[in-house]
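Letter by letter, the chains look like this.
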Amino acid sequence: MATRPALALILFVLATTLLPAQSGDSPYVIRDVRVFDGETVAERQTVVISQGKIAAVGGINIAVPAGAQEVVGERRTLLPGLIDSHIHLPFVNPADALQQNLAFGVTTTVVMWAAPPLVSQVKALADRPDVAAALIAGTGATAPGGHPTQMDPQAARFIPTLHSPGEADAFVAARVAEGSEFIKIIFDDTSEAYARTLPTLDEATVAEIVNSAHTHDRIAVAHIGSERFARGAIAAGVDGLAHLFVGPTVSADFGRFAASRGVFVIPTLSVLYSICGRSDGPDFLKEPDTMKFVKPQFRPLLEMPATPSKVSCDAAPQAIRQLVAANVPVLAGTDAPAPGLTYGASLHRELEHLVSAGLTPTAALVAATSATAQAFRMSDRGRIRPGMRAHLLIVDGDPAKQIRDTRNIVAIWKRGVRVQRSSD
Ligand SMILES: [Zn+2]
């Protein structure tokens with residue numbers, strides 16, 4: 001949502017030197033570990049990592065390749081690498097943002113808007129072992145003068161916009177040609193979250209963009225800011241909502257309505273709470289174990305003073321309880337780097353917010369792993385089973401019981417390569 005102040009700050013701060021990745025791709029064996037496999041928990045497992053993939057999961061008798069490095073699993077939990085399903089990247093050194101994500105065990109990110117030069121930059125980083133992977137939307141679909149063009153009138157001149165349903169197919173085809181892996185749609189006049197009403201697409205155009213996206217074998221997700229637009233986007237056929245909405249209340253049938261249309265929802269409570277004047281920034285600043293992995297250029301976002309807000313965030317947890325009751329997939333996403341948020345750490349905080357809003361700790365872990373992989377069609381990750389990419393995270397404790405234990409990171413692997421965290 002409020003990404004422009006974030007980007008402005010980032011652009012003014014010099015980037016720090018990139019850290020070298022630990023080289024090597026030796027096999028690993030993790031013994032006697034509790035495994036959250038993306039869905040459920042199994043105790044006392046042995047997991048073998050080899051050639052970038054999960055080679056085996058089982059009891060003490062499974063075959064272990066010669067020379068495998070041993071990792072102690074006792075009193076620890078192995079998880080699929082976490083996925084943040086809603087982030088944005090700075091134009092300057094996007095690798096820094098992806099590196100910070102990885103240092104917090106976020107091995108995959110979903111980038112919710114990016115101009116073509118940024119798409120190319122991010123794709124060029126894909127094979128680097130020291131940065132999180134990224135699934136990327138290119139330029140989002142919006143109306144002339146619509147969100148987020150108000151954030152940067154200069155850049156807005158170069159953002160292609162749509163007036164009518166007849167333009168949808170050409171718009172989507174152009175985005176696919178630019179490398180969009182899914183289609184982002186802005187359906188929001190921003191009047192609920194900000195005291196300003198902007199133009200937005202009509203529902204017929206949203207529906208036609210969704211149709212075109214599906215024709216091009218892409219899913220379509222919508223940025224919305226109020227229940228009215230959320231319902232409109234769902235009625236227009238979107239696959240998922242990139243946010244929940246602010247406001248004091250939600251209609252009693254919202255969860256059932258979302259379930260009836262088969263959508264997934266990324267609540268992004270972290271950014272909603274920031275808009276409502278309840279930023280997580282001050283807490284992060286008091287946590288040395290968090291701040292030692294926050295790169296200097298991202299620190300000012302956490303130091304931004306909380307602006308008093310009359311906007312209510314009461315609707316969001318109510319809506320989440322309805323979505324859970326209606327079995328709607330809820331995904332963990334942050335909208336980092338909005339004010340008060342930071343890459344990686346905010347995903348761990350989002351999991352805590354989701355648990356406070358009514359998810360079980362296990363459901364919150366599902367929201368950051370298998371549910372997101374499934375929603376965004378990333379069939380090679382989000383679960384611990386043979387053949388999947390070895391994007392992994394091992395933590396002290398049991399986050400399926402105590403969600404804060406996701407923060408107790410012992411080791412991270414991206415495609416089987418152990419990640420050197422910046423302060424290790
Ligand atoms: Zn966003």
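Residues numbered from 1 in each chain as written. Predicted model: local features only at pLDDT ≥ 70, side-chain atom pairs only at ≥ 80, totals over all residues. Heavy atoms only, no water.

Trainee: Break down the coordination of the zinc ion for me, citing the residues and quoting the values.
Mentor: Within the protein, His-86 (NE2), His-88 (NE2) and Asp-335 (OD) serve as the donor atoms for the zinc ion, at 2.0 to 2.3 Å. As a motif over one chain, the donors of the zinc ion read H-x1-H-x246-D. Here the residue His-86 occupies a position in strand S6 (residues 82-87), and Asp-335 occupies one in the loop between helix H13 (315-325) and helix H14 (345-356), the gap between them amounting to 249 residues. Residue classification places His-86 among the buried positions, given a relative accessible area of 0%. You can call Asp-335 buried: its relative accessible area is 0%. (Donors = N, O, S within 2.8 Å, 3.2 Å for Na, K, Ca; no water. Helix = DSSP H or I, 4+ residues; strand = E, 2+ residues; numbered from the N terminus. Buried < 20%, exposed > 50% of the residue type's maximum accessible area, 1.4 Å probe, protein only.)

Trainee: Hey, could you go over helix H7 (residues 227-235) for me, with residue numbers and the actual values?
Mentor: Among the residues making up H7, those that are buried are Glu-227, Phe-229, Ala-230, Gly-232, Ala-233 and Ile-234. Of the surrounding secondary structure, the elements contacted by the buried residues of H7 are helix H6 (203-215), strand S10 (220-223), strand S11 (240-241) and helix H8 (254-260). One or two steps after H7, the chain reaches Gly-237, where phi turns positive at roughly 100°. (Contact = heavy atoms within 4.5 Å.)

Trainee: Go over helix H3 (residues 116-124), please, and point to the residues and values.
Mentor: Within H3, burial applies to Leu-118, Val-119 and Val-122. Mapping the buried residues of H3 onto a view down its axis gives an arc of 105°, with all of them on the same face. Facing away from the buried side of H3, by more than 90 degrees, are the exposed residues Pro-117 and Ala-124. Considering only its buried residues, H3 is in contact with helix H2 (94-103), strand S8 (133-136) and helix H5 (168-178). (Arc of directions from axis to C-beta.)

Trainee: Tell me about the pairing of strand S2 (residues 41-50), residues and numbers included.
Mentor: Pairing analysis gives six bridges linking strand S1 (residues 28-36) to S2, with the strands arranged antiparallel. Opposite Phe-36, over in S2, you have Val-41 as the bridge partner. Joining the antiparallel neighbours S1 and S2 is a turn of four residues, in which Gly-38 adopts a positive phi near 110°. Of the pairings in the sheet, the one linking S2 to strand S3 (residues 53-58) comprises five bridges and is antiparallel in character. Across the sheet, residue Val-48 finds its bridge partner in S3, namely Ala-56. Taking the residues between adjacent antiparallel strands as the criterion, S2 and S3 are bridged by two residues, where Gln-51 takes a positive phi near 50°. (Pairing = 2+ DSSP bridges.)

Trainee: Please give an account of the sheet that holds S8 that cites residues and values.
Mentor: For sheets, the rule is that strands pair by backbone hydrogen bonds, running either parallel or antiparallel. The parallel open sheet is built from three strands, whose spatial order is S6-S7-S8. Two strands close off the open sheet at either side, each with one partner strand: S6 and S8. Within the sheet, the average angular offset between the axes of one strand and its neighbour, ignoring direction, is 20°. Where S6 meets strand S7 (residues 106-111), four bridges bridge the pair, whose relative direction is parallel. Across the sheet, the residue bridging to Ile-83 is Thr-108, located in S7. On top of the sheet, H2 reaches S6, S7 and S8; it is set at about 135° to S7, its chief contact. (Axes fitted to C-alpha atoms, helices over the stretch in contact; angles between N-to-C directions.)

Trainee: Could you give an account of the sheet that holds strand S12 (residues 264-265), with specific residues and numbers?
Mentor: Spatially, the four strands line up as an open sheet ordered S9-S10-S11-S12, and their pairing is parallel. The open sheet has two edge strands, strand S9 (183-186) and S12, and neither has a second partner. In this structure, S9 lies alongside S10, joined through four bridges in parallel fashion. Looking at the pairing, Ile-186 lines up with His-223 of S10. The strands that H6 touches are S9 and S10; relative to S9, the one it contacts most, it runs at about 180°.

Trainee: Would you mind going over the pattern of salt bridges in detail, with residue names and values included?
Mentor: Here the structure, examined in full by the defined rule, presents 23 salt bridges. The salt bridge involving Arg-377 is made with Asp-217; its shortest N-O contact spans 3.2 Å. Taken together, the positions of Arg-377 in the loop between helix H16 (370-375) and strand S13 (392-396) and Asp-217 in the loop between H6 and S10 put the pair 160 residues apart, joining distant regions of the chain. What makes Asp-217 exposed here is its relative accessible area of 55%. The network of salt bridges with common partners includes Asp-280, Asp-283, Glu-287, Arg-349, Glu-352, Arg-404 and Arg-407. (Salt bridge = Lys/Arg side-chain N within 4 Å of Asp/Glu carboxyl O.)

Trainee: Please set out the packing of aromatic side chains residue by residue, giving values where relevant.
Mentor: A full pass over the atoms with the stated rule returns seven aromatic pairs. Ring centres of Phe-104 and Phe-293 lie 6.0 Å apart, and the angle between their planes is 80°; on these two criteria the pair is classed as edge-to-face. Taken together, the positions of Phe-104 in the loop between H2 and S7 and Phe-293 in the loop between helix H11 (288-291) and helix H12 (299-303) put the pair 189 residues apart, joining distant regions of the chain. As far as the burial class goes, Phe-104 and Phe-293 line up, both buried. Relative to Phe-229, the ring of Phe-187 has its centre 5.0 Å away and its plane inclined at 85°; by these criteria the two rings are edge-to-face. Here Phe-187 is found in the loop between S9 and H6, whereas its partner Phe-229 is found in helix H7, with 42 residues between them in sequence. Of the residues examined, Phe-229 reaches a relative accessible area of 5% and is grouped as buried. The positively charged end of Arg-175 is found above the aromatic ring belonging to Phe-171, 4.6 Å away from the centroid. (Phe/Tyr/Trp six-rings, centres within 6.5 Å; stacked < 30°, edge-to-face > 60°. Lys NZ or Arg CZ within 6 Å of the ring centre and 35° of its normal.)

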